[in-house]
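Chains, contacts and geometry: an overview
Take a look at the letters that make up each chain.
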Amino acid sequence: MIVALARKTLVHEWRRFLPAVMAVAFSGLLLLVQTALVLGVFGSAAVFIDKSQGDLWIGYPGTQSVELGRALPLDTELWLRLDPAVARVEAFLWTDGDWRSHAGQGAVSVSVSGIAPRTDGLLFAYALPAELRERLNQPDSVIIDRADLSKLGATVGGRARINGRQVQVVGVAQQLRALGGVNLLASLDTARHLRDAADNDSRMTYYVVKLHDPAQAEAVAARLNVAGARHGFQAWSRSEFSRRAVSFWMLETGAGLGVLFMSAVVCVVGVVITSQTLMAAVAGSVSEYATLHALGVGLRELRRVVLEQAAWVGAGGLLLGALGSAGALLLARQHDVPVALGLLPGLACAVLVMAISLFSGVAAVRVLRHADAATLLR
Amino acid sequence: MTASPLARPPAAVAIRATALEKSYRTGRVDTVVLRGLSLEIGLGELTLVSGPSGCGKSTLLSLLGGLQHPDAGQVQALGVSLWSLADKDLERFRLEHTGFVFQGFNLFGALTALEQVMLPLGYLGLDRATARVRAQEALAEVDMTERAHLRPSALSGGEKQRVAIARALAKQPQLLFADEPTSALDAANGHRVIEILHRIARHHGCAVLCVSHDPRLFDQSDRILQMEDGRILTDRRQPEYKESAA
């Protein structure tokens with residue numbers, strides 16, 4: 001190629017290609033933000049698991065997601081401790097409650113997570129600094145998510161009632177917000193007291209197990225499940241239980257399917273708008289291309305020019321879209337909107353956006369094929 | 001060149017078309033554009049096809065130029081039966097042997113005059129330096145050397161058409177087709193363009209087929225074919241045309 005037709009045309013007639021670049025940028029933005037939201041929202045279904053250490057989760061057989069846990073038999077912990085691969089067992093008590101911040105205000109349903117308040121606790125190890133966790137040693141103290149403060153009408157140091165029992169808010173944490181309501185953290189003792197105020201049951205909901213060798217997680221889970229089948233519990237590796245929770249919310253609930261459906265629509269809209277604008281941009285030069293074709297330049301060579309343009313448009317749009325997404329995700333973070341975007345999903349989105357551009361380029365080439373010389377050449 | 005008041009003898013045949021038929025279908029109506037048309041186009045002369053609009057002259061050009069398939073009939077160009085070639089070979093034939101000039105110039109807005117002319121040469125397989133020299137020669141031939149660095153937006157209509165002619169000429173084709181090349185131009189520029197086309201036929205020995213309803217071009221052509229209703233009505237040769245400033 002002795003004349004860089006594709007690039008020169010892009011630079012000189014950038015106004016003509018700008019709508020296509022913007023279309024790519026916005027479909028990229030939509031895709032990236034949508035993906036981050038899906039991952040964030042449904043990832044938060046597994047927030048308890050992902051924010052905790054430990055290699056295995058032990059729960060009621062068949063439990064689909066953390067908040068659906070049921071009380072385990074009292075001897076469960078014993079069976080766990082019998083396995084030589086187990087290094088530590090930590091109990092987790094999940095209980096529901098009615099929160100009233102002051103007289104006259106309606107109740108808010110809350111979930112209370114009772115955990116061991118020791119500084120090296122496994123549960124919520126990634127969400128709670130040791131100092132904050134220690135505050136739970138104070139009887140009847142709770143920690144709430146920053147984002148739930150106003151909903152609960154709470155302040156740090158303020159008091160409220162759960163199931164009629166007075167508690168004090170001793171701190172706020174971040175990113176504890178999960179799907180399906182307000183989550184509070186409390187010590188196991190506090191959580192037990194709160195539950196006793198409603199009913200009398202001393203059974204735990206989960207146990208989190210730390211192994212001597214984390215690589216053995218799958219094998220130990222299989223071994224424990226043999227005992228569990230007889231004694232009424234089931235073991236999952238941490239990542240398996242996390243996936244289980246996410247896929248339950250994503251695929252088994254109406255909200256999850258709704259969001260997935262919306263993502264698919266976003267994708268289709270992106271493809272259609274991008275290809276239409278790119279085709280319009282190419283169609284602007286169609287009589288010039290037809291002249292080249294008349295002069296004997298093959299359709300294959302012309303297609304290469306158009307695809308090169310599509311690739312540049314895609315790259316430019318992707319860059320703009322990525323910048324826009326970064327801004328949008330930053331804004332979301334600041335407002336405690338659950339978003340999460342890893343390298344791999346981000347790359348997948350980028351590949352998809354480039355594919356949309358190139359696909360549109362291919363579609364635009366069809367304009368060339370059909371608009372044949374004789375009609376255009378005037 | 002010896003000037004003779006007599007008509008030039010028929011030139012060596014560049015294109016021979018036999019029994020060309022073409023019709024278009026719009027909705028349920030078939031419109032017949034060419035009805036069994038046969039003709040020969042000679043090398044080294046400018047042949048003008050004239051006639052009212054809709055008489056089929058542009059269709060004839062695109063059939064002879066290998067742009068459009070006839071419904072029936074044959075086109076032999078430079079001894080090759082065009083419509084027996086595969087699409088790719090036909091593209092190659094056009095690349096190597098034909099040039100086109102159109103009413104609308106069809107220049108790329110982003111390229112300078114020099115780049116417009118160099119562009120098709122790249123596809124012929126020429127290297128950059130050779131292509132540049134050839135493009136410069138072609139631009140010199142249409143008197144555009146001084147304006148070679150300009151983009152179409154900075155050129156007048158006549159200048160654009162001269163660049164388009166240079167683009168067709170630089171490939172050194174034996175067949176040059178021009179479809180209404182002067183329609184968008186004023187008298188002076190139109191005159192200049194047809195003169196250039198005529199000179200190309202003479203100096204390069206190529207067959208120039210020009211389609212136009214512009215009567216101003218008649219006395220500058222070697223041969224005039226008058227078309228109507230898909231047929232050739234008259235075929236007359238002009239007394240030899242004298243180049244104004246050869």
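Small disclaimer: the values here were computed from a predicted structure and weren't measured.

Before going further, it helps to examine the overall build of chain B. Check the secondary structure of chain B and you find six helices and ten strands. Taken over C-alpha atoms, the radius of gyration comes to 18 Å for chain B, in line with the 18 Å a tight globule of 246 residues would show. For chain B, the spread of C-alpha atoms along the three principal axes comes to 50 × 45 × 35 Å. The buried share of chain B, taken over its 246 residues, is 46%. Of the contacts made within chain B by residues no fewer than 6 positions apart, 72% connect residues no fewer than 24 positions apart.

Before going further, it helps to examine the interface of chain A and chain B. Facing the 23 residues of chain A at the interface are 31 residues of chain B. Those elements that place two or more of their residues in the side of chain A that touches chain B are helix 1 (5-12), helix 11 (286-294) and helix 14 (373-376) of chain A. Looking at the side of chain A that touches chain B, the element that brings in the most residues is helix 11 of chain A, giving five residues. Among the residues forming the side of chain A that touches chain B, the class breakdown is eleven nonpolar, seven polar and five charged.

Residue and element names in this part refer to chain B. Across the five residues that make up strand 6 (residues 98-102), a large majority, five, are buried. Burial along strand 6 is two-sided: the residues Thr-98, Phe-100 and Phe-102 and Gly-99 and Val-101 are all buried. Pairing of strand 6 with strand 7 (residues 175-179) involves five bridges; the strand directions are parallel. Each bridged residue has a counterpart across the sheet, and for Gly-99 the counterpart in strand 7 is Leu-176.

Okay, the sheet that holds strand 5 (residues 80-81) of chain B next. Residue and element names in this part refer to chain B. The strand order across the open sheet formed by four strands is 2-1-4-5, and the pairing between neighbours is antiparallel. Every other strand in the sheet has two partners, leaving strand 2 (29-42) and strand 5 as the edge strands with one partner each. The pairing of strand 4 (residues 72-77) with strand 5 spans two bridges and is antiparallel. Bridge pairing links Gln-76 to Ser-81 in strand 5. Relative to the sheet, helix 1 (residues 57-64) contacts strand 1 (13-26), strand 2 and strand 4, its axis offset from that of strand 1 by approximately 125°.

On to the pairing of strand 3 (residues 46-50) of chain B. All names here are of chain B. Most of strand 3 is tucked away: five of the five residues are buried. Neither face of strand 3 is open: one carries Leu-46, Leu-48 and Ser-50, the other Thr-47 and Val-49, and all of them are buried. Sheet topology places strand 3 next to strand 8 (residues 207-211); four bridges connect them, and they run parallel. Each bridged residue has a counterpart across the sheet, and for Thr-47 the counterpart in strand 8 is Leu-209. One ladder, built from four bridges, connects strand 3 with strand 9 (residues 223-228); its direction is parallel. Pairing of Leu-48 across the sheet is with Ile-224, part of strand 9.

All names here are of chain A. The first and last C-alpha atoms of helix 8 (residues 217-231) sit 20 Å apart over 15 residues, in line with the 21 Å expected at 1.5 Å per residue. Regarding helix 8, the residues found buried are Ala-217, Val-220, Ala-221, Leu-224 and Gly-228. The first or second residue beyond helix 8 is Gly-232, which carries a positive phi of 85°.

Take the domain arrangement of chain A next. Residues and elements named next belong to chain A. Looking at the assigned domains, one finds that chain A contains domain 1 (5-44 + 253-376) and domain 2 (47-249). For domain 1 and domain 2, the distance between their C-alpha centres works out to 44 Å. If you look at the interface, domain 1 gives eight residues, while domain 2 gives nine residues. When residues of the side of domain 1 that touches domain 2 are assigned to their parent elements, the largest contribution, three residues, is made by helix 2 (residues 14-43). Of the residues assigned to the side of domain 1 that touches domain 2, the class counts are three nonpolar, four polar and one charged.

The next thing to look at is the nonpolar core. Within the largest apolar cluster, 175 residues are counted, with the highest numbers of intra-cluster contacts made by Leu-56, Phe-92 and Tyr-207 of chain A together with Val-117, Ala-166, Leu-197 and Val-208 of chain B. In terms of residues, this core owes the most to one element, helix 2 of chain A, which gives 16 residues. Looking at which domains feed residues into this core, each of domain 1 (5-44 + 253-376) and domain 2 (47-249) of chain A supplies at least three.

Definitions and cut-offs
Residues numbered from 1 in each chain as written. Chains lettered and ligands numbered in written order. Predicted model: local features only at pLDDT ≥ 70, side-chain atom pairs only at ≥ 80, totals over all residues. Helix = DSSP H or I, 4+ residues; strand = E, 2+ residues; numbered from the N terminus. Rg over C-alpha atoms; globule rule 2.2 N^0.38 Å. Buried ≥ 20, exposed ≤ 12 C-beta atoms within 10 Å, placed from the backbone. Contact = placed C-beta atoms within 7 Å. Nonpolar A, V, L, I, M, F, W, Y, C, P; charged D, E, K, R; others polar. Pairing = 2+ DSSP bridges. Axes fitted to C-alpha atoms, helices over the stretch in contact; angles between N-to-C directions. Expected span 1.5 Å × (residues − 1). Domains from an automatic or database assignment. Core = buried A, V, L, I, M, F, W, Y, C linked by C-beta atoms within 7 Å.

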